[in-house]
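Coordinate inspection notes
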Amino acid sequence: MYYYLKALHIIFIVTWFAGMFYIVRLFIYNTEANEKQEPDKTILQKQFAVMIRRLWLGITWHSAILTLILGIWVMFNAHWEKLLFEPSGKWLLIKLIFVIGLYIYHFTLHSIYKQESLGLFKYSSQQLRIWNEVATIFLIAVVMLATVKETISFVWALVGMIGLTAILMSAIKIYKNLREKN
């Protein structure tokens, strides 16, 4: 039973992340469509509104809820809750902190979803591109903690996360410069 629960948990993690990655791309496209002239602006925004609503409410939210339910079920089925405050369970506690951060990130996306649904565009496409990479950082942190567990070095993990963040921000800056040249 444990392995089936774990498999389902991983499947819904994948669909949840896919939804979070793609929803921000749609926010970016919708924001850029807002800057276009009529009738392109209206046509594009109507299409993006449908795509955003279906992705967010039809896939991403359900995946987030099922990920949470199955994650708790897996944790208790494997009796990991007993490790939570033990030295050998430090990886699990840190992972759960990142998971809480990921749900906070999810709720920020929901806020942007509601704003754009009302026609409010508070963020530029560049700001949204940067915000999109936050999910990448959470993904890497959670996967590393879930797979290497207590063998991970806190110092190397921190150095890796800082390095990854620097690489992602540099890539966004380079992409912006290339877009502006074209």
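Whatever comes next refers back to the structure up there.
Residues numbered from 1 in each chain as written. Predicted model: local features only at pLDDT ≥ 70, side-chain atom pairs only at ≥ 80, totals over all residues. Heavy atoms only, no water.

**Things to note about helix α3 (residues 90-117)**
In this model α3 runs 41 Å from its N-terminal to its C-terminal C-alpha over 28 residues, within 8% of the 40 Å that 1.5 Å per residue would give. Two residues or fewer past α3, Gly119 is found with a positive phi of approximately 85 degrees. (Helix = DSSP H or I, 4+ residues; strand = E, 2+ residues; numbered from the N terminus. Expected span 1.5 Å × (residues − 1).)

**Focus: the layout of surface pockets**
Here the largest pocket defines a volume of roughly 730 Å³. Contributing to the lining of the largest pocket are 28 residues, with His9, Ile13, Lys95, Val99 and Val142 lying nearest its centre. Those elements giving two or more residues to the lining of the largest pocket turn out to be α1 (2-34), α2 (40-77), α3 and α4 (125-148). Per-element accounting of the lining of the largest pocket gives the leading share, 8 residues, to α3. Looking at side-chain class alone, the lining of the largest pocket contains 21 nonpolar, 4 polar and 3 charged residues. (1 Å grid on protein atoms, 1.4 Å probe; cavity = no way out; pocket = protein on both sides within 12 Å on 5 of 7 lines; lining within 4 Å. Points joined across faces, edges and corners; volume = space filled by probe spheres on them. Nonpolar A, V, L, I, M, F, W, Y, C, P; charged D, E, K, R; others polar.)

**Describing the packing of α1 against α4**
Across the interface, α1 lies against α4 with an axial gap of 9 Å and an inter-helix angle of 175 degrees. As summarised for this structure, α1 and α4 are arranged roughly antiparallel, according to the angle between their axes. For the pair α1 and α4, contact is made by Phe17, Met20, Phe21, Val24, Arg25, Phe27, Ile28, Thr31 and Glu32 and by Ser125, Leu128, Arg129, Asn132, Ala135, Thr136, Phe138 and Leu139, respectively. Looking at side-chain class alone, the contact of α1 with α4 contains 10 nonpolar, 4 polar and 3 charged residues. (Axes fitted to C-alpha atoms, helices over the stretch in contact; angles between N-to-C directions. Parallel < 35°, antiparallel > 145°, perpendicular 65-115°, else oblique. Contact = heavy atoms within 4.5 Å.)

**Brief notes about the pattern of salt bridges**
The final tally for this structure, using the stated rule, is 1 salt bridge. The closest approach of N and O atoms between Arg129 and Glu32, which form a salt bridge, is 3.1 Å. Of this pair, Arg129 sits in helix α4 while Glu32 sits in helix α1, placing them 97 residues apart in sequence. According to the relative accessible area criterion, Arg129 is buried, its value standing at 7%. (Salt bridge = Lys/Arg side-chain N within 4 Å of Asp/Glu carboxyl O. Buried < 20%, exposed > 50% of the residue type's maximum accessible area, 1.4 Å probe, protein only.)

**A few points about a nonpolar patch on the surface**
There is a patch of nonpolar side chains on the surface, built from Ile65, Leu66 and Ile69 and spanning about 240 Å² of accessible area. For Ile69, the position within the fold is in helix α2. By relative accessible area, which is 47% here, Ile69 ends up partly exposed. (Patch = residues over 30% accessible without salt bridge, like charges linked within 9 Å, V, L, I, M, F, W, Y side chains within 5 Å. Areas by Shrake-Rupley, 256 points an atom, 1.4 Å probe, with all protein chains shown as cover.)

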